[in-house]
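# Descriptive structure summary
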Amino acid sequence: MRLGDAARGFRLVWRAAPWPSTLVAVIAIGSALVPVAAAWCMRVLFDLLAEPGPRPLADFLLPIAGVAVCALSDAGLGAVQQLCSLQIVRRVREYTQDQLFAAVDAVPWLDQLERPGFQDGLKLAEQAADRASRQLLTGGITLVRSTLQGAGWLFSAYLLWPPMVLLLALVTIPFVWVGHRQAKRQAALDEELVPTGRRRHFFRSLLIDPRAAKETRLFQLGGFLRQRVREILRAEGHAEISVARIVARADVVLAAVSAGCAALATLAFVNTAMSRGLSVGDFSLFLAAAAGTQIAITAAAAHYTEVASAVLLMRHYFAFLGPDPLPASFDLSRNIMISGGIELRDVWFRYADDGPWVLSGVSLVIPPGTKAGLAGRNGAGKSTLVKLLCRLYEPTRGTILFDGVDARELPPAEIRRRITAVFQDFMSYDLTVAENIAIGDISRRDDRDALRRAAEMAGLGPEIEALPGGYDTLLSKTFMPEDEGSAVSLLSGGQWQRLAIARALLREDAAVAILDEPNSGLDAIAQHRLRETIHSVGANKTMILISHHLGSLRDLDKIFVLDGGKLTEQGTHETLVQKGQVYATLFALQASAYTGL
């Protein structure tokens with residue numbers, strides 16, 4: 001355990017809860033000396049009892065009072081320390097979780113979140129933020145108290161028989177060495193179990209998630225999923241037991257060494273006491289010092305292991321926080337007021353370095369205020385292009401420009417602030433209707449008029465008003481309402497689709513609106529209303545509509561056709577139909593389903 005890492009961990013605890021941490025440190029020092037002080041009081045008491053002849057009761061009052069004060073102090077300090085420790089744990093958890101997820105929120109690109117290594121690092125960081133910080137606190141307090149208490153016992157033993165100090169001090173060396181080894185084993189075990197734990201959680205979630213229940217029941221996957229969970233638990237158990245066996249063997253050996261040294265020291269002291277004529281009180285104090293030193297060394301070694309393991313685990317937390325993930329090339333001082341002009345210059349993209357190209361040399365220009373469409377077969381790259389425009393991924397090659405400025409020079413969050421979107425795989429949140437809409441612009445979550453306006457434009461207003469709680473209806477089967485008497489309900493797939501559209505429409509100051517298959521779950525009437533909404537709301541915006549229903553693209557200013565990741569056609573609906581290429585073929589196939597030709 002490096003002192004610098006330990007100091008960084010303790011600074012984190014103090015930064016999260018400065019006053020409780022300071023008070024706990026003071027209490028730890030005071031409580032460490034209480035048993036030693038009680039032993040000295042008992043020494044005086046035993047010597048008084050051993051003296052020949054009767055003594056007045058008053059002579060015994062002071063040492064008895066000292067023992068009573070020590071007992072009361074031990075109980076009182078323990079109670080105060082427990083309360084302070086609970087306060088520290090709560091504040092540390094709040095502080096570290098906030099710091100951790102602030103770092104996650106600052107990660108600009110989705111490909112970073114999608115990497116298994118990132119998820120494993122996040123899990124380790126979460127464990128460090130919760131478990132390791134608590135271990136650091138409780139283990140550190142006990143380590144300080146045990147060390148100080150051991151020092152007090154050793155000092156008492158030194159006053160009675162100096163050679164014992166050397167003997168007992170030598171015992172601490174193997175304890176510290178073994179504790180360090182055990183901490184490294186525990187930290188390695190934690191790292192080993194993170195990937196398997198993530199897989200176990202995945203299979204477990206499939207068993208209990210209502211959204212997966214349809215397929216897991218229909219295809220009778222319960223036995224298969226339970227078997228996977230059992231296999232992972234069995235492997236985790238073997239790894240944990242293997243480490244536990246090593247730790248148990250080491251603990252037994254160290255306990256034997258410590259007990260043997262204490263017995264030898266006691267035997268040697270008895271011989272010395274007989275020759276020097278030491279008092280009964282001296283002998284009782286020495287026995288207390290020998291036993292106390294042994295207990296203190298054992299406790300200190302155990303909590304040293306706990307602290308060292310926590311420090312090693314905390315490295316993952318600090319490593320995850322790391323430096324600012326935003327490249328230095330971003331101009332953070334620039335005031336971003338994108339008007340909607342978009343240009344792609346020879347953009348290439350693939351999701352993995354050894355994966356296939358999803359986009360291959362795409363170049364296009366969308367002037368501000370243009371109503372543009374993206375068309376093409378499944379897998380042509382349309383949704384990927386949307387993610388690039390939303391700055392969720394960086395192009396592998398090429399350049400994206402907003403109003404003529406290279407997007408790599410602008411903070412992604414500032415670009416996203418000027419974009420609104422309906423994603424094909426939009427989220428349905430276990431929140432109220434109002435909160436689900438307010439996701440589009442969380443600063444307006446209390447603006448009920450704006451929420452209603454967005455819902456009306458999405459054609460969902462009357463259906464929301466018909467819900468048992470209106471806009472305050474909780475859309476969930478997972479959670480109960482926080483307010484007693486509040487209503488709970490569910491929406492159909494088409495209603496969720498329109499709610500996602502309302503969410504996008506709430507961001508009225510966006511310069512670019514991207515709609516990825518917004519009408520996929522809508523009936524004919526809802527699709528007609530959506531087209532009217534697009535034209536009315538998008539009068540001052542650049543709009544990009546992606547749809548397999550090519551009829552919804554007919555009125556747009558320009559349509560771009562992707563095929564196999566390449567831009568193969570562009571123009572109006574009429575010109576593309578006349579060309580007789582991919583777009584015309586797809587449109588003719590769709591039209592035949594209605595005309596019967």
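To be clear, the structure that these remarks concern was listed above.
This section reports on the structure supplied with the text.

Here is what the cut-offs are and how they apply
Residues numbered from 1 in each chain as written. Predicted model: local features only at pLDDT ≥ 70, side-chain atom pairs only at ≥ 80, totals over all residues. Heavy atoms only, no water. Pairing = 2+ DSSP bridges. Helix = DSSP H or I, 4+ residues; strand = E, 2+ residues; numbered from the N terminus. Contact = heavy atoms within 4.5 Å. Axes fitted to C-alpha atoms, helices over the stretch in contact; angles between N-to-C directions. Buried < 20%, exposed > 50% of the residue type's maximum accessible area, 1.4 Å probe, protein only. Salt bridge = Lys/Arg side-chain N within 4 Å of Asp/Glu carboxyl O. Phe/Tyr/Trp six-rings, centres within 6.5 Å; stacked < 30°, edge-to-face > 60°. Lys NZ or Arg CZ within 6 Å of the ring centre and 35° of its normal. Expected span 1.5 Å × (residues − 1). Bend = angle between axes of the 7 residues up to and from the residue. Patch = residues over 30% accessible without salt bridge, like charges linked within 9 Å, V, L, I, M, F, W, Y side chains within 5 Å. Areas by Shrake-Rupley, 256 points an atom, 1.4 Å probe, with all protein chains shown as cover.

Turning next to the sheet that holds strand E2 (residues 359-366). The strand order across the open sheet built from 4 strands is E2-E1-E4-E5, with neighbouring strands paired in antiparallel fashion. If you trace the sheet from one side to the other, it starts and ends with E2 and strand E5 (405-406), each paired once. Of the pairings in the sheet, the one linking strand E1 (residues 342-349) to strand E4 (residues 397-402) comprises 5 bridges and is antiparallel in character. Paired with isoleucine 342 across the bridge in E4 is phenylalanine 402. Strands in contact with helix H10 (residues 382-389) are E1, E2 and E4; relative to E1, the strand with the most contacts, it is inclined by about 120°.

Turning our eyes to something else, we now look at unusual backbone geometry. Look at aspartate 403: it is not a glycine, yet its phi comes out positive at around 50°. With respect to the helices and strands, the residue aspartate 403 is situated in the loop between E4 and E5. According to the relative accessible area criterion, aspartate 403 is partly exposed, its value standing at 34%. With a phi angle near 50°, glutamate 517 is a residue other than glycine that sits in the positive phi range. Turning to its location among the elements, glutamate 517 is positioned in the loop between strand E9 (512-516) and helix H16 (524-537).

Let us look at the pattern of salt bridges. Inspection of the entire model under this criterion finds 13 salt bridges. Between arginine 444 and glutamate 508 there is a salt bridge whose closest N-O contact spans 3.5 Å. Of the two residues, arginine 444 sits in the loop between helix H12 (433-438) and helix H13 (448-457) while glutamate 508 sits in the loop between helix H15 (493-505) and E9, which places them 64 residues apart along the sequence. Using a relative accessible area of 17% as the deciding quantity, one classes arginine 444 as buried. For arginine 448, the salt bridge goes to aspartate 472, with nearest N and O atoms at 3.2 Å. Of this pair, arginine 448 sits in helix H13 while aspartate 472 sits in the loop between helix H14 (461-465) and strand E7 (474-475); the two residues are 24 residues apart in sequence, bridging distant segments of the chain. Judged by relative accessible area, aspartate 472 falls into the partly exposed class, the value being 45%. Members of the salt-bridge network, linked through shared partners, are Arg444, Asp447, Arg453 and Glu508.

Applying the stated criterion across every chain yields a total of 7 aromatic pairs. Judged by centre distance (5.4 Å) and plane angle (65°), the rings of phenylalanine 349 and tyrosine 393 are edge-to-face. A residue pair is termed long-range when its members are at least 10 positions apart, and phenylalanine 349 in strand E1 and tyrosine 393 in the loop between H10 and E4 qualify at 44 residues. Considered together, phenylalanine 349 and tyrosine 393 belong to a single accessibility category, that of buried residues. In textbook terms, an aromatic cluster arises when at least three aromatic residues are bridged by ring pairs, as seen for Phe349, Tyr351 and Tyr393. Note that arginine 397 overlies the ring of tryptophan 348, its terminal NZ or CZ placed 5.2 Å from the centroid.

For helix H2 (residues 18-50), which comprises 33 residues, the first-to-last C-alpha distance of 49 Å matches the rise-based estimate of 48 Å (1.5 Å per residue) to within 8%. Of all bends in H2, the biggest is about 25°, found at valine 34, and the proline proline 35 comes one to four residues later.

The buried count for H10 comes to 6 of 8 residues, which makes it a mostly enclosed element. Listing the buried residues of H10 in full gives Lys382, Thr384, Leu385, Val386, Leu388 and Leu389. Arginine 391, located one to two residues past H10, shows a positive phi value of around 60°.

Further remarks concern a nonpolar patch on the surface. Taken together, Ile29, Leu33 and Val144 make up a surface patch of nonpolar side chains, about 240 Å² in accessible area. The topology assignment puts valine 144 in helix H5 (residues 116-160). Look at valine 144 and you get partly exposed, because its relative accessible area is 39%.

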